[in-house]
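# A look at the structure
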Amino acid sequence: MKYLSILLLSLLSLPLMAAPDGKALYERNCSVCHHFKGEGGIGLPLTAEILSQVSDDYIAKTIRVGRPGRIMPSFNALSDAQVQAIVRYIRSWSGKPGPVFKTTRLQGDSARGKPLFEKHCVRCHGKDGSGEGPGTGVTLSRERSFMVMPAALNNPGFQQSASDAMIHDIVLSGRKVGGMPSFKSKLTDQEVADVVAYVRTLKPPALHQGMEEWRGKPAYIMESPYDFETTVENVKQALTGANFRIFPPRYLEQGLTDEFSVNTRQISIRFCNFKELYHLLNIDPRLGTVLPCRINVIERDGKVLVISANVAQLATLFNNQELSEVGVLMEEIILSVMEEATL
Amino acid sequence: MRKLLAILLIVGVGFASASERNLVMVRSPARAAHVMDVLKETILEYGYQVAHTQRCDGGMAEFHYKSDFYRVVFFGKVKEVREVLKRHPEMSPYLPLKIAVVAEKDATVLAAVDPRALAPMFPDDAELHVLLARWYNDIDAMLEELRELKKAP
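Residues numbered from 1 in each chain as written. Chains lettered and ligands numbered in written order. Predicted model: local features only at pLDDT ≥ 70, side-chain atom pairs only at ≥ 80, totals over all residues.

## Let's talk about the packing of helix α5 (residues 56-65) of chain A against helix α6 (residues 80-92) of chain A
All names here are of chain A. Worth spelling out the cut-off: Note on geometry: axes are C-alpha line fits, over the in-contact stretch for helices, and angles between N-to-C directions span 0 to 180 degrees. Numbering of helices and strands runs from the N terminus; a helix is a DSSP stretch of H or I covering at least four residues, while a strand is a stretch of E covering at least two. Our angle categories are set so that under 35 degrees counts as roughly parallel, over 145 as roughly antiparallel, 65 to 115 as roughly perpendicular, and the remainder as oblique. If you view the pair so one helix is near and one far, a crossing is left-handed when the near helix is turned anticlockwise from the far one by less than a right angle, and right-handed when it is turned clockwise. In this description, a residue-residue contact is defined by the distance between C-beta atoms placed from the backbone, which must lie within 7 Å. Only Asp, Glu, Lys and Arg are considered charged, only Ala, Val, Leu, Ile, Met, Phe, Trp, Tyr, Cys and Pro nonpolar, and every remaining residue, Gly among them, polar.
Between α5 and α6, whose axes approach to 10 Å, the crossing angle comes to 130°. Considering the angle they form, α5 stands oblique to α6. Crossing of α5 over α6 shows right-handed handedness. Contacts between α5 and α6 involve Asp56, Ile59, Ala60, Ile63 and Arg64 from the former and Val83, Gln84, Ile86, Val87 and Ile90 from the latter. In the contact of α5 with α6, the residues fall into seven nonpolar, one polar and two charged.

## A short note on the packing of helix α12 (residues 228-241) of chain A against helix α15 (residues 321-342) of chain A
All names here are of chain A. One can describe the packing of α12 onto α15 by two numbers: an axis separation of 8 Å at closest approach and a directional angle of 135°. For the element pair α12 / α15, the angle class is oblique. In the packing of α12 onto α15, the handedness of the crossing is right-handed. Residues Thr231, Asn234, Val235, Ala238 and Leu239 of α12 form the contact with α15, whose own contacting residues are Val337, Glu340 and Ala341.

## Some points on the interface of chain A and chain B
Listed by partner, the interface residues are 45 residues for chain A and 48 residues for chain B. Of all the elements in the fold, those that place two or more residues in the side of chain A that touches chain B are α1 (2-17), α3 (31-34), β1 (219-224), α13 (274-283), β5 (293-300) and β6 (303-309) of chain A. Across the side of chain A that touches chain B, the residue classes break down as 23 nonpolar, 17 polar and five charged.

## Focus on the pairing of strand β4 (residues 97-104) of chain B
Residues and elements named next belong to chain B. Formally: Neighbour counting defines burial: a residue surrounded by 20 or more other C-beta atoms within 10 Å of its own C-beta is buried, one with 12 or fewer is exposed, and intermediate counts give partly exposed, using backbone-placed C-beta atoms. The pairing criterion is simple: DSSP has to find at least two bridges between the two strands.
The buried fraction of β4 amounts to eight of the eight residues, a majority that puts the element mostly inside the structure. Residues Leu97, Ile99, Val101 and Ala103 line one face of β4 and the alternating positions Lys98, Ala100, Val102 and Glu104 line the opposite face, and both faces are buried. In this structure, strand β3 (residues 70-76) lies alongside β4, joined through six bridges in antiparallel fashion. Bridge pairing in β4 places Arg71 opposite Val101. Pairing analysis gives five bridges linking β4 to strand β5 (residues 107-113), with the strands arranged antiparallel. Note on β5: the bridge partner recorded for Ala100 is Ala111.

## Considering the sheet that holds β5 of chain B
Strand-to-strand pairing in sheets goes through backbone hydrogen bonds, with the strands running parallel or antiparallel. Residues and elements named next belong to chain B. Spatially, five strands are ordered β1-β5-β4-β3-β2 in an open sheet, and the strand pairing comes out antiparallel. Whereas interior strands pair on both sides, the edge strands pair on one side only; in this sheet they are β1 (23-28) and β2 (49-55). Along the sheet, successive strands turn relative to each other by an average axial angle of 20°, direction set aside. Across the sheet, helix α2 (residues 32-45) is in contact with β1, β2, β3, β4 and β5; its angle to β4 comes to roughly 160°.

## Description of helix α2 (residues 22-29) of chain A
Residue and element names in this part refer to chain A. Rule in force here: As used here, the arc belongs to the directions running from the helix axis to the C-beta atoms.
All of the buried residues along α2 are Gly22, Tyr26 and Asn29. Seen end-on, α2 carries its buried residues on one side only, within an arc spanning 90°. Buried residues belonging to α2 abut α3 and α6.

## Re the domain arrangement of chain A
All names here are of chain A. Applied cut-off: For the domains described, the bounds stem from an automatic or database domain assignment.
Considered domain by domain, chain A is made up of domain 1 (16-92), domain 2 (110-199) and domain 3 (212-342). Listed per partner, the contact involves 21 residues of domain 1 and 21 residues of domain 2. Mapped by element, the contributors of at least two residues to the side of domain 1 that touches domain 2 are α4 (48-53) and α5. If one sorts the elements of the side of domain 1 that touches domain 2 by residue count, α5 sits on top with four residues. Residue composition of the side of domain 1 that touches domain 2, grouped by class: eight nonpolar, nine polar and four charged.

Spelled out as structure tokens, the structure:
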């Protein structure tokens, strides 16, 4: 037994001793969003132009801290060597090294930078620097002509990753892929430094959360005063009244066992509003992982339970603030349907 | 040996909590229709039953919304589903398990919720945590196989 344990521990430590393979790590962790060679998809395209404007340090920090609320997760389980290997692999596409920027803060005046930011930057980056607008998330029918969403300058991940000098440099040079113009002829060096100082004051918007009563719970559960069949009909009627299209109901176990063994007192009522679905899939094409919307009616121990996923909680799994906001709205709708069905 | 396996599973759960990634996702170079076929076979090979496949793009097309290939595959083991629901009916919205299959031009993105993301909502059920970790391991391994599919000539 002792030898078996040693052998297993040795096997577990093997990957830690081997030199990290940047290509393999990129393909395993990054390609799903950024595509095989940085073409972009759900994630930002890593074009030659973009990569020529950002330092290795910026890429490494971005991998580490991600972008809270903007899809990119933090890969804090990767070792420093693994992160560096990914950066080297990304750099190998062009064969050119990335720029190096000073890490010291620029001497700017945020009060002077504010009006400049409002004049030149708000149109794309938003008043609070959230970078609202169409862009990343190009799966399905989203237009691919505008691949890059303006950067969320107020995002804590961006703030931690980007040095003042790097932001300064990008403001002066512009960025073709995102439609950002060069401000070389419009702003002086000092004015750009003032804008950067103002960018440093931007804070992310406060997140709306789901109802306190349901926070941290996996599902909404209500007990119905009606029998099983009546409750199922009530849920369908309430959903129709809320403008949802209802699919043929399925038993929860249907397809997992034969038709004679299936528990017929556990039904999933699946519903959809295709207009909303289309809109939501454009916000986040990964939404299919939690589709379709459904309310389950389950009979057990003489009780009839009406159950739905806690959509406000579920939406937070996607690290997509826009989707989280929708989750909070959906919570209200689903709870009102469930309440109506069990009144 | 059982103790050792339990330790290994707990180590797995520990890694999950250290990462903020709540979705298991891969990109396969193969086309979506082929990936779907292989996914269904792979699910069976891992001992699960495919419950059904939902066509999301079909519904949207019916309402004149343009969409690429988009399917959701539901799968599970009836015994596990029954055992979990006996203790936690609130797990019913998450069962059967599912994997979304989305075309992105010639490639395919596969995504599933990491079952371990549900663990903090059941803090007192260590047995469920182990099951969630096993589901994660299986989904991760299945998707890895699909990631390694070759691009069609």
